[in-house]
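Here are the chains, one letter per residue:
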Amino acid sequence: LCLSICPLFPHEACCAYVLMVTAVYWVSEAVPLGAAALVPAFLYPLFGVLKSSEVAAEYCKDTTLLLMGVICLAASIEKWNLHKRIALRMVMIAGAKPGMLVLGFMCCTVFLSMWLSNTSTTAMVMPIAEAVLQQLICTGLADSHDDSETVEAPEDDSGTSVSNHGFIRHTNGHLPQVRSILLEVAIEIPNVKRVRARRDSQYPTKRDHMICKCLSLSITYAATIGGLITITGTSTNLIFAEQFNTRYPDAKVINFGTWFIFSFPIAIIMLVLTWLWLHFLFLGCNFRETCSLSKKRKTKREMLSERRIHEEYTKLGPISYPEVVTGVFFILMTLLWFTREPGFVPGWTSLFEKKGYRTDATVSVLLGFLLFLIPARRPFSSSSPSNDDSESDPLAPMITWKDFQRLMPWEIVILVGGGYALAAGCKVSGLSVWIGRQLEPMSGLPPWAVTLLACLLVSAVTEFASNPATLTVFLPILSALSETLHINPLHTLIPSTMCVSFGVMLPVGNPPNAIVFSYGHVKISDMVKAGFGVNLIGVAVVMLAITTWGVPLFNLTEFPAWAVARNVTGSL
């Protein structure tokens, strides 16, 4: 079959055929994404592109171990409700004014999404937001006649927290393409009939409906923004890091520290601009009314919302020993990642004689393993944690294998492995070089124009296709294009990796969108209108970053030696 397609370039044709078949399965979702990622595992050996053992080696890389260690920490965070304590405390600080409430939820969502998956973060935060919104709606229905009534606020403003009881119910199965992912994070979404009934029912006021829309959408956008900040924040970052390091093994420029330095300002700018955009779209421009920090006088509705949130935070009780241990591990993992190879000073890896043996995955797996070893009960203490069965077992660890297994996204692991296999096939067969030669007419364009076109293209495609699948298809093409045009590959690859996360216009764009949509506060037209603005904000901020502080950080003005070596090898 492959020989009949292209007799002059059989290996390139075979690889292109496998790439197209896999891409079609990914885009159409005719089979699960993880199953489609196994296509290269049997087609490459059958077509003689790669040996079976070589393909198998691509499915488990360093980033797989990195992800496993992070999931161990995420399991501990979720098991001991540390995520809920963090979210509620941050919302308590923000207060109950609509504008500040939205900003508070966005900040805590961004922070959590840096370390947890975007889907898990949205699934954790949305029930808290839903309870606040339900309090807002119920108060408005009961007291709509005195909507502007004010009461004297207490001197000490306590905070915010909400339980998710009663607000998340079973779904009849709409949005089937994300159902399996939602089940992995143990989230149940509202009944379809309830969603339709809510859309047909009248909110206390139109303003209440706008607040519900604004807060709901802000959470999914904030989860996307937070996922950009760290290498482990989202699967697309991991795909980029592994494919880049595999294709350019001599390039020692991408690690946790350099990525954070580049992406953190992007996230801050996007957070502020997205909040302003949503505020303008749904709450108007009266920032003095919606964002007042004054605590002397508040509406009755705001007082009741704060009281409800404070009650829920009180239910968490004092911070527990397992929460302290989890927090210490969280800080320790972050510090070790930052100081491994900071670049401007020698890192802790310089203390070892052999260089290059220790990566971010080493730290991640080590600390993750220790969570299985450390008891959840405080040493020399008779009290036991209330969130576990450790009353019967005083040596019960911080997390169990079931806790880890419940959160571990094996489908994503296989999907990422399939991307590595496709990239390896493109490299061995010479397909990436052939594609690069076909793109030589674009050599007249400046680097920023090439990057902008790539960002717009992946942003459009990812609205209808899976983010990891989209990036996996485009990375080899953009790498070959950069080498052909003698552009630093990072100039196109990093912006494209970030822009592939901006599939925020439709419920099918990503699982967080589907979770928020399932609550029934927003329509598809609302998501398209708000998401289009967020998409433009994201592309603009990423382009600003890659043309300003990204230039000295990654030395983007020169075609690097590691890319020259790869280009010469590929040509041969």
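Residues numbered from 1 in each chain as written. Predicted model: local features only at pLDDT ≥ 70, side-chain atom pairs only at ≥ 80, totals over all residues. Heavy atoms only, no water.

Trainee: Quick rundown of the UniProt feature "transmembrane region" (unreviewed entry) in the chain? Include the residues and the values.
Mentor: As annotated by UniProt and renumbered to match this structure, "transmembrane region" (unreviewed entry) occupies residues 94-116, 219-241, 253-278, 319-338, 359-376, 412-436, 448-478 and 530-551. Note that residues 253-278 is 88% helix and 0% strand, and that its end C-alpha atoms are spaced 36 Å apart. Between the C-alpha atoms that bound residues 319-338 there is a distance of 27 Å. The span itself is 90% helix and 0% strand. (UniProt positions renumbered as here; feature names shortened; annotations may be inferred. Helix = DSSP H or I, 4+ residues; strand = E, 2+ residues; numbered from the N terminus.)

Trainee: I'd like to hear about the pattern of salt bridges, residue by residue, with values.
Mentor: As enumerated under the stated definition, the model contains five salt bridges in all. Two residues, Glu78 and Arg406, come together in a salt bridge whose shortest N-O distance is 3.2 Å. Of this pair, Glu78 sits in helix 6 (residues 62-79) while Arg406 sits in helix 19 (residues 401-407), placing them 328 residues apart in sequence. Owing to a relative accessible area of 17%, Glu78 belongs among the buried residues under this scheme. By relative accessible area, Arg406 is classed as partly exposed at 32%. As a salt-bridge pair, Lys213 and Asp526 come within 3.2 Å of each other at their nearest N and O atoms. Highlighted residues: Lys213 in helix 12 (residues 206-227) and Asp526 in helix 26 (residues 524-547), separated in sequence by 313 residues. Under the relative-accessibility criterion, Lys213 is labelled buried at 9%. Relative accessible area serves as the criterion here: at 6%, Asp526 is assigned to the buried category. (Salt bridge = Lys/Arg side-chain N within 4 Å of Asp/Glu carboxyl O. Buried < 20%, exposed > 50% of the residue type's maximum accessible area, 1.4 Å probe, protein only.)

Trainee: I'd love a proper account of a nonpolar patch on the surface, names of residues and values included.
Mentor: Residues Phe264, Ile268, Val272, Leu273 and Leu276 make up a contiguous nonpolar surface patch of roughly 370 Å² in combined accessible area. Take Ile268: it is sitting in helix 14 (residues 256-283). (Patch = residues over 30% accessible without salt bridge, like charges linked within 9 Å, V, L, I, M, F, W, Y side chains within 5 Å. Areas by Shrake-Rupley, 256 points an atom, 1.4 Å probe, with all protein chains shown as cover.)

Trainee: So, the packing of helix 12 against helix 14: which residues are in play, and what are the values?
Mentor: Closest axis-to-axis distance for the helix 12/helix 14 pair is 9 Å, and the angle between their directions is 160°. If you check the angle between helix 12 and helix 14, you find them roughly antiparallel. Crossing hand, helix 12 versus helix 14: right-handed. Contacts from Arg207, Met210, Ile211, Lys213, Cys214, Leu217, Ser218, Tyr221 and Ile225 in helix 12 reach Ala267, Met270, Leu271, Thr274, Leu278, His279, Phe282 and Leu283 in helix 14. Of the residues assigned to the contact of helix 12 with helix 14, the class counts are 12 nonpolar, three polar and two charged. (Axes fitted to C-alpha atoms, helices over the stretch in contact; angles between N-to-C directions. Parallel < 35°, antiparallel > 145°, perpendicular 65-115°, else oblique. Left-handed = near helix turned anticlockwise from the far one by under 90°. Contact = heavy atoms within 4.5 Å. Nonpolar A, V, L, I, M, F, W, Y, C, P; charged D, E, K, R; others polar.)

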